[in-house]
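Survey of secondary and tertiary structure
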Amino acid sequence: MKVLLTGGAGYIGSHVVRAVRGAGHTPIVYDNLSKGHAESLEADLIVADVSDGAALRVALEENEIDAVIHFAAFIEAGESVGEPGRYFRNNTVAGLTLLEAMRETNVKRLVFSSTAAVYGQPPVVPIEEDSPLVPINPYGSSKLCVEYMLRAYAQAYGMGFVALRYFNVAGADPAGDIGEDHTPETHLIPLVLQVPLGKREHITIFGQDYDTPDGTCIRDYIHVSDLADAHVLAAGAIEPGMVKVYNLGNGEGFSVKQVIETCRTVTGHSIPVVIGSRRAGDPARLVASSARAMRELGWRTKFPRLEEIVTHAWRWHSNHPSGYA
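Every value quoted in this text rests on a predicted model; they were computed, and no experiment measured them.

1. Side note on a nonpolar patch on the surface
A surface patch of nonpolar side chains, about 220 Å² in accessible area, is lined by Leu33, Leu45 and Val47. Among the structural elements, Val47 can be located in strand E3 (residues 44-47). Judged by relative accessible area, Val47 falls into the exposed class, the value being 53%.

Right, here's the structure in full:
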C-alpha cells in the first residue's frame, strides 16, 4: 500500500512514517515544512501546502496513492482562540481541499488526525466516543467540522474514513533518533525536561486546588509509537462508505505532579516547581476509554507506563537538546 501522509514531517507524522514503513508499506510525505522537520524522515518528501488542490492532485495521481493519513493542521488550542480564522482556514477549509482532491483522483481511504478537544469539558470520565461533542475552542471546532465532512463524503461518494481522536501524545521512538521538536513548545513533558537540560530554571504548575487526589490536573498520556501503530491498523481497516471514530489514549490518567516526579526520577534532577494560578478552561480530569480501538482494530499499547514514556522522551531530548537544529 502506498500512503500519502500530509503533515508527515511533524512530531506524530514522522513516527507514523516509521510505523508505515515497518508494516511493509510505502510512505510518501506531503508537508510545507512550516512546523515539520525533513531531517526526521525516512521517506520521499513533497514540499507543498495542503491548501494547494492542484499540488495535492498531482501528488495523489503521480504516486498512485492507495490511502491518505492527514495530519497537516495547526494544533494550539489557546492560539486558536485569538486567531480563529487562521485555524478554520488551515484545518477545516484545507481539509475540504484534500477531500475534493481525493474525490477527483479516486483515492477513497483516509485516516484523519482528530483530537480529544472535540469533547470540550466532558461530563463523564473516562471519555467514550459517544460522549457529547462540545468543543470549547476553535481548534476543537475546526477538527469537528472535518469529522462532519467525512460523514458527508462517505455517504455521497462511498469514500471510507477513520477519525482518530488523540489525547496527550508524548514520548519518542525508543531508538532516540526522532522525537518532539516544537517552536514554541507547549506540551508538559518536554517543558518539564527543559529544566534538567538547563533551558529553564523551574516548571510552573497552573493550579493545585483541583478535585483530584493531589490537586493538579490529570491527563491521559499516550506514547507516540503506540499512537503510530494505531494509524497503520486504521488504514488497513477502512472499507468503502464507512466512517469510524476511535479514541486513542492510555486509559489511565497521570497528574501534573506525577509527571514532574517521574521526570525527576528518570533524569536525576530536582526540577524546581513554582505554583501558579489556574488557567481558564483547564478541566480537572481528561482520560480516554480506548476500548473500541482495542476491540475493533486489535490495537494494544506497548508502552503504557509513564516512566517508559518519559524515559524515551528524555533519551531524545538529552541527545538532541536543540531538536533537529
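From this point on, the discussion continues.
2. Brief notes about the environment of Tyr87
Its location among the elements puts Tyr87 in helix H4 (residues 84-105). Beyond its immediate sequence surroundings of up to four residues, Tyr87 is in contact with Phe74, Ile75, Glu76, Glu79, Ser80, Thr92, Tyr139 and Ser142. One polar contact links Tyr87 to Glu79, side chain to side chain, over a distance of 2.5 Å.

3. Regarding the side chain of Asp220
With respect to the secondary-structure elements, Asp220 resides in strand E9 (residues 218-223). At 10 Å, Arg219 is the nearest oppositely charged side chain to Asp220, a buried residue that forms no salt bridge. A polar atom in the side chain of Asp220 sits 3.0 Å from the backbone nitrogen of Gly251. Aside from chain neighbours lying at most four places away, what touches Asp220 is Phe167, Asn168, Gly249, Asn250, Gly251, Glu252, Leu286, Val287 and Ala288.

4. Let's talk about the nonpolar core
One finds Ile12, Val16, Ile69, Leu164, Tyr166, Val169 and Leu248 to be the most contacted residues of the largest nonpolar core, which totals 34 residues. Elements with a contribution of two residues or more to this core: strand E1 (2-6), helix H1 (11-22), strand E6 (160-166), helix H7 (224-237), strand E10 (243-248) and helix H9 (291-297). Here this core takes seven residues from H7, the largest share from any one element.

5. Notes on the packing of aromatic side chains
The full count for this structure, using the stated rule, is three aromatic pairs. With 4.8 Å between their ring centres and 45° between their planes, Trp316 and Tyr324 make a pair best called tilted. The class of Trp316 is buried, set by a relative accessible area of 0%. Using a relative accessible area of 14% as the deciding quantity, one classes Tyr324 as buried. Over the aromatic face of Phe74 sits the side chain of Arg86, whose NZ or CZ is 3.9 Å from the ring centroid.

6. Some remarks on the packing of helix H2 (residues 53-62) against H4
Relative to each other, H2 and H4 sit at 45°, their axes nearing to 9 Å. Comparing the axis directions of H2 and H4 gives the class oblique. Relative to H4, the crossing made by H2 is right-handed. Two secondary-structure elements touch here, H2 through Gly53, Leu56, Arg57, Leu60 and Glu61 and H4 through Thr97, Leu98, Ala101, Met102, Glu104 and Thr105. In the contact of H2 with H4, the residues fall into five nonpolar, three polar and three charged.

Parameters and conventions
Residues numbered from 1 in each chain as written. Predicted model: local features only at pLDDT ≥ 70, side-chain atom pairs only at ≥ 80, totals over all residues. Heavy atoms only, no water. Patch = residues over 30% accessible without salt bridge, like charges linked within 9 Å, V, L, I, M, F, W, Y side chains within 5 Å. Areas by Shrake-Rupley, 256 points an atom, 1.4 Å probe, with all protein chains shown as cover. Salt bridge = Lys/Arg side-chain N within 4 Å of Asp/Glu carboxyl O. Helix = DSSP H or I, 4+ residues; strand = E, 2+ residues; numbered from the N terminus. Buried < 20%, exposed > 50% of the residue type's maximum accessible area, 1.4 Å probe, protein only. Contact = heavy atoms within 4.5 Å. Polar contact = N/O pair within 3.5 Å; in protein donor to acceptor, adjacent residues only side chain to side chain. Lys, Arg positive; Asp, Glu negative; His and termini not counted. Core = buried A, V, L, I, M, F, W, Y, C linked by side-chain atoms within 4.5 Å. Phe/Tyr/Trp six-rings, centres within 6.5 Å; stacked < 30°, edge-to-face > 60°. Lys NZ or Arg CZ within 6 Å of the ring centre and 35° of its normal. Axes fitted to C-alpha atoms, helices over the stretch in contact; angles between N-to-C directions. Parallel < 35°, antiparallel > 145°, perpendicular 65-115°, else oblique. Left-handed = near helix turned anticlockwise from the far one by under 90°. Nonpolar A, V, L, I, M, F, W, Y, C, P; charged D, E, K, R; others polar.

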